[in-house]
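# Architecture and fold: a report
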2 protein chains.
Amino acid sequence: MPKLIDHDVKRLDIAQATWKILIKEGAGGASVRNIAKEAGITLGALRYYFTSQEELMAFTEELVHEKITEKAAEHFMADLAPHEKILDLLLGLLPQPQEELSASKARLIFKLQPKNTDKPYDTGRDSVYQAVKSVMSNLVMLNLLKKDTDLSLETDRLYALMDGLAMEGMLRGTGYNPYKAKNIIKTHLTSICKTESGDLY
Amino acid sequence: MPKLIDHDVKRLDIAQATWKILIKEGAGGASVRNIAKEAGITLGALRYYFTSQEELMAFTEELVHEKITEKAAEHFMADLAPHEKILDLLLGLLPQPQEELSASKARLIFKLQPKNTDKPYDTGRDSVYQAVKSVMSNLVMLNLLKKDTDLSLETDRLYALMDGLAMEGMLRGTGYNPYKAKNIIKTHLTSICKTESGDLY
DNA sequence: CTTTATTTAATACACTCGTATTATCAAATA
DNA sequence: TATTTGATAATACGAGTGTATTAAATAAAG
């Protein structure tokens, strides 16, 4: 009977506005009023689609993680050599310059946002950690890792490196050099892979 | 003529209270009222010692960086084998469990705090970056690095790794395992150092 | 056209924020 | 002791926050 507005589409619109605000002003600027203004709706309209700010944030965070997981899956299915695929995948997890809706930055902001629940951060729900795990698992399958590699340790090492690089990418506004990040990841992959098969990276 | 209260000592007290609040509640909880309560003084008293919140924050951030630089210098002068010194130094830059006033956590919080100035983050003023640079520089002096090492790249790689590990340490409350971090750093140092001199780490 | 459910808009409430103002208290000098 | 100056305390102001409430507008169904 009412106006024909797709509820889910509108929720996506609002979540994207939230996303945009988060990147532009950080978590501190993500007030419901700011978000409503960014989405071009009023406060009441926003509250019609999301009954609380917490719900909106959870929805947006989920959206960001879905986007990252999706992107990683696409890279996995690319028609490239394994080492090329892996390199592209990892680079895709970092902020890109002039990226309007950076999933990497948004993920970091959510990750660093202190939840009122005092439970520690759950890496199991981190899309980037899952992607890194997949990458390492693939390297094992392809028998590319050096002998006597501690898989768990190397997974955590690569994960920490990715988080550090992502942070660097987020904090540096314009003067961020993605080529440097690419070279760092290449160096890292080379150092954990067997050397016998030549310089893959 | 007045009460005999050392101005600078009191400013340090307040800065320490700020530090404590930052770690306990994050940057969002660091309101002047919260800080005053933590320091056991009133709002007016706080404003007497710091004319603005911004000044207080800058003072506290400076204090944190001084503490880190100091600690790193101590480690450098320790009477240990070079590789032991370096390992201890790097570990000292990470959050330690049950550490009341963690300089590492406080530094990260400041680093991630979006300044109203839109200038990008200046690594030159980051005490941890300086420490990492010193470490790498030392490895060069001692001729411990592998041949054809890209010093700038490896410095940035280690820096990113340290930031990632520090983040992990900050986000995990109780379930944080410093031994894992130690092993990761050991592995990393081994991978960038020459192998001929045996397993140093 | 009227009804009805959906969507929007506007305003209000209680709270916290940083800052400012003002008066009061304490102690060392004269 | 009186005075002066450092230090403290209490309160207020305007802005911003999340949420709640209520009235209005919209468009499909009868």
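One structure accompanies this document, and this report is about it. Since this is a predicted model, take the numbers as computed values, not measurements.

## As for the overall build of chain A
- Counting its secondary structure elements, chain A contains 9 helices and 0 strands.
- Across chain A, helices and strands are ordered from the amino to the carboxyl terminus as α-α-α-α-α-α-α-α-α.
- By its C-alpha atoms, chain A is 65 × 35 × 35 Å across when sized along the principal axes.
- Here chain A holds 201 residues, and 45% of them are scored as buried.
- In chain A, of all internal contacts separated by at least 6 residues, the share reaching a separation of at least 24 is 66%.
- For chain A, the exposed area adds up to about 10,800 Å²; of that, 52% sits on carbon and sulfur atoms.
- Separation between the mean location of the 26 positive side-chain charges and that of the 28 negative ones in chain A comes to 4 Å.

## Remarks on the relation of the copies chain B and chain A
- If you rotate chain B by 180° and push it 0.0 Å along the axis, it lands on chain A with an RMSD of 0.1 Å. Between the two chains, the operation in question is that of a two-fold axis.
- Both copies present the same face, since 100% of the interface residues in chain B are matched by interface residues at the equivalent positions in chain A.

## Concerning the pattern of salt bridges
- Tallied over the entire structure, the rule returns 24 salt bridges over all chains.
- With a closest N to O distance of 3.1 Å, Lys180(A) and Asp156(B) form a salt bridge. Pair noted here: Lys180(A) is in helix 9 (residues 178–192) and Asp156(B) is in helix 8 (residues 151–171), and the two residues belong to different chains.
- The partner of Lys20(B) in a salt bridge is Glu38(B), with the nearest N and O atoms 3.9 Å apart. Residue Lys20(B) is found in helix 1 (residues 7–25), and its partner Glu38(B) is found in helix 2 (residues 32–39); the two are separated by 18 residues along the sequence.
- Residue Lys20(B) is classed as partly exposed on the basis of its relative accessible area of 30%.
- By sharing partners, the salt bridges in this structure join Lys20(A), Lys24(A), Glu38(A) and Glu100(A) into a single network.

## Here's the deal with a negative patch on the surface
- A cluster of acidic side chains, namely Glu62(A), Glu66(A), Glu70(A) and Glu74(A), defines a negative patch on the protein surface.
- Tracing the chain through its elements places Glu74(A) in helix 4 (residues 53–76).

## Regarding the packing of aromatic side chains
- The final tally for this structure, using the stated rule, is 6 aromatic pairs over all chains.
- The interplanar angle of 80° and the centroid separation of 5.3 Å between the aromatic rings of Tyr48(B) and Tyr49(B) together place this pair among those described as edge-to-face.
- Residue class for Tyr49(B) comes out buried when judged on its relative accessible area of 11%.
- A cation sits over an aromatic face here: Arg11(A) above Phe59(A), 4.8 Å from the ring centre.

## Considerations on the environment of Lys20(A)
- For the pair Lys20(A) and Gly92(A), spaced 72 residues apart in sequence, the C-alpha separation works out to 19 Å.
- Excluding its chain neighbours within four sequence positions, the residues that come into contact with Lys20(A) are Glu38(A), Glu100(A) and Leu101(A).

## Quick look at the interface of chain B and chain A
- Contacts between the two partners involve 28 residues from chain B and, on the opposite side, 28 residues from chain A.
- Of the roughly 2,500 Å² buried where chain B meets chain A, counting both sides, 70% is carbon and sulfur surface.
- Among the residues chain B hides against chain A, the three largest losses belong to Arg157(B), Met167(B) and Leu171(B). Together they make up 22% of the total.
- Our count for the contact surface shared by chain B and chain A stands at 2 salt bridges.
- Remark: the boundary between chain B and chain A carries 6 residue pairs in polar contact (both at pLDDT 80 or more).
- Listed by contribution, the elements that provide at least two residues to the side of chain B that touches chain A are helix 6 (103–112), helix 8 and helix 9 (178–192) of chain B.
- With 14 residues, helix 8 of chain B is the largest single contributor of residues to the side of chain B that touches chain A.
- Taken together, the residues of the side of chain B that touches chain A sort by class into 13 nonpolar, 7 polar and 8 charged.

## Quick look at the packing of helix 9 of chain A against helix 8 of chain B
- Where helix 9 of chain A meets helix 8 of chain B, the axes come as close as 10 Å, and the angle between the chain directions of the two elements is 85°. For the element pair helix 9 of chain A / helix 8 of chain B, the angle class is roughly perpendicular. Across the interface between the two elements, Lys180(A), Asn183(A), Ile184(A), Thr187(A), His188(A) and Ser191(A) from helix 9 of chain A touch Leu153(B), Glu154(B), Asp156(B) and Arg157(B) from helix 8 of chain B.

## Describing the side chain of Thr18(A)
Residue and element names in this part refer to chain A.
- By the secondary structure assignment, Thr18 is in helix 1 (residues 7–25).
- For Thr18, a relative accessible area of 0% puts it in the buried group.
- With sequence-adjacent residues up to four places away left out, Thr18 is seen in contact with Ile35, Leu56, Met57 and Thr60.

## Let's talk about the packing of helix 8 (residues 151–171) of chain A against helix 8 of chain B
- Running from amino to carboxyl end, helix 8 of chain A crosses helix 8 of chain B at an angle of 100°, the nearest separation of the two axes being 7 Å. Relative to helix 8 of chain B, the element helix 8 of chain A lies roughly perpendicular. Taking contact as the criterion, the partners of Arg157(A), Tyr159(A), Ala160(A), Leu161(A), Asp163(A), Gly164(A), Leu165(A), Met167(A) and Glu168(A) in helix 8 of chain A are, on helix 8 of chain B, Arg157(B), Tyr159(B), Ala160(B), Leu161(B), Asp163(B), Gly164(B), Leu165(B), Met167(B) and Glu168(B).
- Residue composition of the contact of helix 8 of chain A with helix 8 of chain B, grouped by class: 10 nonpolar, 2 polar and 6 charged.

## Points about the nonpolar core
- Counting residues in hydrophobic clusters, the biggest one holds 119 residues, and the most contacted among them are Leu90(A), Leu139(A), Leu90(B) and Leu139(B).
- Once you skip the residues sitting within four places of it in the chain, Leu139(B) turns out to touch Ile86(B), Leu144(B), Leu145(B), Leu189(B), Ile192(B) and Cys193(B).

Criteria and thresholds
- Residues numbered from 1 in each chain as written.
- Chains lettered and ligands numbered in written order.
- Predicted model: local features only at pLDDT ≥ 70, side-chain atom pairs only at ≥ 80, totals over all residues.
- Heavy atoms only, no water.
- Helix = DSSP H or I, 4+ residues; strand = E, 2+ residues; numbered from the N terminus.
- Buried < 20%, exposed > 50% of the residue type's maximum accessible area, 1.4 Å probe, protein only.
- Contact = heavy atoms within 4.5 Å.
- Areas by Shrake-Rupley, 256 points an atom, 1.4 Å probe, with all protein chains shown as cover.
- Lys, Arg positive; Asp, Glu negative; His and termini not counted.
- Charge placed at Lys NZ, Arg CZ, Asp CG, Glu CD.
- Least-squares fit on C-alpha atoms with pLDDT ≥ 70 in both.
- Salt bridge = Lys/Arg side-chain N within 4 Å of Asp/Glu carboxyl O.
- Patch = residues over 30% accessible without salt bridge, like charges linked within 9 Å, V, L, I, M, F, W, Y side chains within 5 Å.
- Phe/Tyr/Trp six-rings, centres within 6.5 Å; stacked < 30°, edge-to-face > 60°.
- Lys NZ or Arg CZ within 6 Å of the ring centre and 35° of its normal.
- Buried area = accessible area lost by both parts, 1.4 Å probe.
- Polar contact = N/O pair within 3.5 Å; in protein donor to acceptor, adjacent residues only side chain to side chain.
- Nonpolar A, V, L, I, M, F, W, Y, C, P; charged D, E, K, R; others polar.
- Axes fitted to C-alpha atoms, helices over the stretch in contact; angles between N-to-C directions.
- Parallel < 35°, antiparallel > 145°, perpendicular 65-115°, else oblique.
- Core = buried A, V, L, I, M, F, W, Y, C linked by side-chain atoms within 4.5 Å.

By themselves, these figures tell us nothing about what the structure is for.
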